[in-house]
Amino acid sequence: MTRDGARVGQSLNIPEPVYGLLGMALPKFILGMIFALAIVVGWSWLGGASIGTILLRVIICAVVIQAGYFVLIYAMIARSAPTPADMARDVERKLNAPEVAEGEKLGSARRSLH
């Protein structure tokens, strides 16, 4: 053991498990979707549903799961912090935009229409 509590040869930079929205990876989603659809198939079959009813239930379940995944990914993107490229793009837009007084914006538009 060293002074900081780590064993010799052990790195202190161990990644921590990710929980919450960031932990939803595509392979995990696909595996979960397959299990959910298998449960729907088994439940429907044990309930005595016809093949057409089972197929309809699976399709509806798959669409609902896909819509939920889309909303989850959209929420992750909307909540994410801006990247350095986004910040640089905003700064560049501000530098290239001409400074116009607030009162002149409407006035110049009116003059150009006449």
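Refer to the preceding data block for the structure.
Remember, it's a predicted structure, so these values are computed and weren't measured experimentally.

Colleague: Can you walk me through the side chain of Ser44 in this structure?
Modeller: Its place among the elements puts Ser44 in helix α1 (residues 26–46). Residue class for Ser44 comes out buried when judged on its relative accessible area of 0%. A distance of 3.0 Å separates polar atoms of two side chains, one belonging to Ser44 and the other to Arg57. Filtering out sequence-adjacent residues up to four positions away, Ser44 remains in contact with Ala49, Ile54 and Arg57.

Colleague: Is there a simple way to explain a nonpolar patch on the surface in this structure?
Modeller: A contiguous nonpolar patch, built from Leu26, Ile30 and Ile34 and spanning about 280 Å² of accessible area, is present on the exposed surface. By the element assignment, Ile34 lies in helix α1. The class of Ile34 is exposed, set by a relative accessible area of 52%.

Colleague: Would you take a moment to explain α1 for this structure?
Modeller: What sets the pattern is the α-helix's 3.6 residues per turn: residues three or four places apart point alike. Over its 21 residues, α1 extends 30 Å from the first C-alpha to the last, a length consistent with the 30 Å expected when each residue adds 1.5 Å. Restricting attention to buried positions, one finds in α1 the residues Phe29, Met33, Leu37, Val40 and Ser44. Here the buried residues of α1 occupy an arc of 65 degrees about the axis, which is enough to place them on one side. Projecting away from the buried face of α1 at angles above 90 degrees are the exposed residues Pro27, Lys28, Ile34, Phe35, Ile39, Trp45 and Leu46.

Colleague: Would you take a moment to explain the nonpolar core for this structure?
Modeller: Counting residues in hydrophobic clusters, the biggest one holds ten residues: Phe29, Met33, Leu37, Val40, Ile54, Val58, Cys61, Ala62, Ile65 and Tyr69. At the level of secondary structure, the elements contributing two or more residues to this core comprise α1 and α2 (51–79). In terms of residues, this core owes the most to one element, α2, which gives six residues. When near neighbours in sequence (up to four residues on either side) are disregarded, Cys61 contacts Leu37 and Val40.

Colleague: Teacher, can you tell me more about the packing of aromatic side chains here?
Modeller: For any pair of aromatic rings, the description rests on two quantities: the centre-to-centre distance and the angle between the ring planes. Scanning the entire structure with this criterion turns up one aromatic pair. Taking 3.9 Å as the distance between ring centres and 20 degrees as the angle between the ring planes, the aromatic pair formed by Phe29 and Tyr69 counts as stacked. Linking Phe29 in helix α1 with Tyr69 in helix α2, this pair joins segments that are 40 residues apart in sequence. A residue is classified by how much of its surface remains accessible, and Phe29, at 8% relative accessible area, is buried. Of the residues examined, Tyr69 reaches a relative accessible area of 14% and is grouped as buried.

Calculation criteria
Residues numbered from 1 in each chain as written. Predicted model: local features only at pLDDT ≥ 70, side-chain atom pairs only at ≥ 80, totals over all residues. Heavy atoms only, no water. Helix = DSSP H or I, 4+ residues; strand = E, 2+ residues; numbered from the N terminus. Buried < 20%, exposed > 50% of the residue type's maximum accessible area, 1.4 Å probe, protein only. Polar contact = N/O pair within 3.5 Å; in protein donor to acceptor, adjacent residues only side chain to side chain. Contact = heavy atoms within 4.5 Å. Patch = residues over 30% accessible without salt bridge, like charges linked within 9 Å, V, L, I, M, F, W, Y side chains within 5 Å. Areas by Shrake-Rupley, 256 points an atom, 1.4 Å probe, with all protein chains shown as cover. Salt bridge = Lys/Arg side-chain N within 4 Å of Asp/Glu carboxyl O. Expected span 1.5 Å × (residues − 1). Arc of directions from axis to C-beta. Core = buried A, V, L, I, M, F, W, Y, C linked by side-chain atoms within 4.5 Å. Phe/Tyr/Trp six-rings, centres within 6.5 Å; stacked < 30°, edge-to-face > 60°.

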